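Structural overview for review
Spelled out, the chains give:
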Amino acid sequence: MSEYKKDKKQIRVWCDGCYDMVHFGHANSLRQAKALGDVLIVGVHTDEEIAKHKGPPVFTQEERYKMVRAIKWVDQVVEGAPYVTTLETLDKYQCDFCVHGDDITVTADGIDTYHLVKEAGRYREVSRTAGVSTTDLVGRMLLLTREHFKRGDKEYTVALEHSSNLGTDATARSPYTGCSQFLPTTQKIIQFSSGLSPKPTDKVVYVAGAFDLFHVGHLDFLEAAHAQGDFLIVGLHTDLEVNRYKGSNYPIMNLHERVLSVLACKYVHEVVIGAPYSVTADLMDHFRVQVVCHGLTPISTDADGSDPYVVPKQRGCFKTLNSGNSMTTEDIVQRIIRHRLEFELRNTLFCNNDDLLVYCQNLENLHSDFIERFQDILELEIPDWV
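Let me sum up the structure you'll find in this document. (Residues numbered from 1 in each chain as written. Predicted model: local features only at pLDDT ≥ 70, side-chain atom pairs only at ≥ 80, totals over all residues. Heavy atoms only, no water.)

1. Concerning the sheet that holds strand 3 (residues 76-79)
Strand order in the open sheet made by the 5 strands is 3-2-1-4-5, with parallel pairing throughout. The open sheet has two edge strands with one neighbour each: strand 3 and strand 5 (123-126). Across the sheet, the mean angle separating the axes of adjacent strands is 30° when strand polarity is ignored. Bridge count for strand 1 (residues 12-17) against strand 2 (residues 39-44) is 6 bridges, and the pairing is parallel. Each residue of the ladder has a partner; that of Asp-16, found in strand 2, is Gly-43. Relative to strand 2, helix 2 (residues 24-35) is tilted by about 140°, and along the sheet it contacts strand 1, strand 2, strand 4 (97-101) and strand 5. Relative to strand 3, helix 4 (residues 61-69) is tilted by about 165°, and along the sheet it contacts strand 2 and strand 3. (Pairing = 2+ DSSP bridges. Helix = DSSP H or I, 4+ residues; strand = E, 2+ residues; numbered from the N terminus. Axes fitted to C-alpha atoms, helices over the stretch in contact; angles between N-to-C directions. Contact = heavy atoms within 4.5 Å.)

This is the structure:
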């Protein structure tokens, strides 16, 4: 049997895409693709190619390359992959076939980007993760809703049965925003989990936070934390806890969505779902935590005004890490909203700021607090091309 496995040809799988604002839906697609073979090669398009066919991306190509490399099922990233997948590309990287989700992707000319590999019989399809999309997440930011939060007896719950529609039924859709919501199952968490436990000799590192809209800032921090030991555990706070210390409509992604986003990261071994805000002695003893880390972002006090890291500080095992990346979720939200407004401005050709204000007030019943919070965006100088 071992000789058979040794001689058996590896199946090399190709995936490609923009991977702008990477979320667990992208990761799940790549997980399914990897399951169809042995080696997963992922091509990521350049900013120029995306701008030509879809409009300018929110994240730079370097940020997108880094995010895809960090997904645990990805073996290799090809930078600057062509927008239309060709047989030459598959052959160059010795890939047997290409895999994509069951949604249609077209060029600026309306041509199926996978028509060449489909005609050659070198195309496979996997199911898209229903209930999450970049459009959905951007909608939550624009509308400043809290309908995606988990509350009360549902704050920690995970569905025990398999959900076939995964967020497409009426109960998974907000009647206020129309934003679909992912229905988590234990099966999905198991699929994303490493299933590993720390060895007795492992140095266990613990970090905690919201990890909302998982981005390169989080990624660089987790890589730095991972380097502090052998086994990295990430504690994720509940939606209501995150909203307590961040305010507005944060978190943009609910607890279950954030769990899968973090589990997809190759630096993370385990996640504590609904971790306490203060790192307690019980938590540290239970998980045998030897190092507790936090980044350079300000630390909010607990609800009672206490320092959430007082216990690890007393034990002499608290570390402040400088990951070299100062990006925050708030930065991402502002970047996305600015990008969205500029994009809409370009497409609708407004004549003046008054027109832009009227548009924003009518956009999806936009809340007044959005107008106040992003007033500086509304005062954008109208470009010469309008």
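Once the structure has been displayed, the description carries forward.
2. Section: the pattern of salt bridges
Per the counting criterion, the structure on display carries 15 salt bridges. Glu-330 is paired through a salt bridge with Lys-246; the nearest N and O atoms lie 3.0 Å apart. Of this pair, Glu-330 sits in helix 14 (residues 329-348) while Lys-246 sits in helix 10 (residues 239-246), and the two are 84 residues apart along the sequence. Look at Glu-330 and you get partly exposed, because its relative accessible area is 25%. Since its relative accessible area comes to 28%, Lys-246 is described here as partly exposed. (Salt bridge = Lys/Arg side-chain N within 4 Å of Asp/Glu carboxyl O. Buried < 20%, exposed > 50% of the residue type's maximum accessible area, 1.4 Å probe, protein only.)

3. A word on the packing of aromatic side chains
Following the criterion strictly, the structure yields 5 aromatic pairs and no others. With 5.6 Å between their ring centres and 25° between their planes, Trp-14 and Tyr-93 make a pair best called stacked. Here Trp-14, found in strand 1, pairs with Tyr-93, found in the loop between helix 5 (87-92) and strand 4; they are 79 residues apart in sequence, far enough to count as distant. By the burial criterion, Trp-14 is buried, and Tyr-93 matches it. For the ring pair Tyr-114 and Tyr-123, a centre distance of 5.7 Å and an interplane angle of 45° mean the geometry is tilted. Neither residue differs from the other here; Tyr-114 and Tyr-123 are each classed as buried. Geometry around Tyr-250 places Lys-246 over its ring, the cationic atom sitting 5.4 Å from the centre. (Phe/Tyr/Trp six-rings, centres within 6.5 Å; stacked < 30°, edge-to-face > 60°. Lys NZ or Arg CZ within 6 Å of the ring centre and 35° of its normal.)

4. A few points about helix 11 (residues 255-263)
Along helix 11, 9 of the 9 residues are buried, which leaves the element largely enclosed by surrounding structure. When helix 11 is considered as a whole, its buried residues turn out to be Leu-255, His-256, Glu-257, Arg-258, Val-259, Leu-260, Ser-261, Val-262 and Leu-263. Two or three places before His-256, at the opening of helix 11, Asn-254 has a side-chain oxygen 3.1 Å from that residue's backbone nitrogen. (Polar contact = N/O pair within 3.5 Å; in protein donor to acceptor, adjacent residues only side chain to side chain.)

5. Some details on the environment of Ala-264
Relative to the elements of secondary structure, Ala-264 occurs in the loop between helix 11 and strand 8 (270-273). Each C-alpha atom of the pair Ala-264 and Asn-28 lies 8.3 Å from the other, and the pair is 236 residues apart in sequence. Excluding residues within four positions of it along the chain, Ala-264 makes contact with Ala-27, Ala-70, Ile-71, Lys-72, Trp-73 and Phe-192.

6. What to know about the packing of helix 4 against helix 9 (residues 216-226)
Where helix 4 meets helix 9, the closest approach of the two axes is 10 Å, and the angle between their N-to-C directions is 50°. It follows from the interaxial angle that helix 4 and helix 9 lie oblique. Note on packing geometry: the crossing formed by helix 4 with helix 9 is left-handed. Contact residues: helix 4 offers Glu-63, Lys-66 and Met-67, while helix 9 offers Val-216, Leu-219 and Asp-220. Split by residue class, the contact of helix 4 with helix 9 holds 3 nonpolar, no polar and 3 charged. (Parallel < 35°, antiparallel > 145°, perpendicular 65-115°, else oblique. Left-handed = near helix turned anticlockwise from the far one by under 90°. Nonpolar A, V, L, I, M, F, W, Y, C, P; charged D, E, K, R; others polar.)

7. Section: the pairing of strand 4
Counting buried residues along strand 4, 5 of its 5 residues qualify, which places the element largely inside the surrounding structure. Neither face of strand 4 is left uncovered, since the one carrying Phe-97, Val-99 and Gly-101 and the one carrying Cys-98 and His-100 both have all their residues buried. As defined by bridge partners, strand 1 adjoins strand 4 across 2 bridges and the pair is classed as parallel. Along strand 4, the bridge assignment pairs Val-13 with Phe-97. Two strands pair when backbone bridges link them, and strand 4 and strand 5 are joined in this way by 4 bridges, in the parallel orientation. When the sheet's bridge partners are listed, His-100 is paired in strand 5 with Glu-125.

Distances and angles like these do not, on their own, reveal function.
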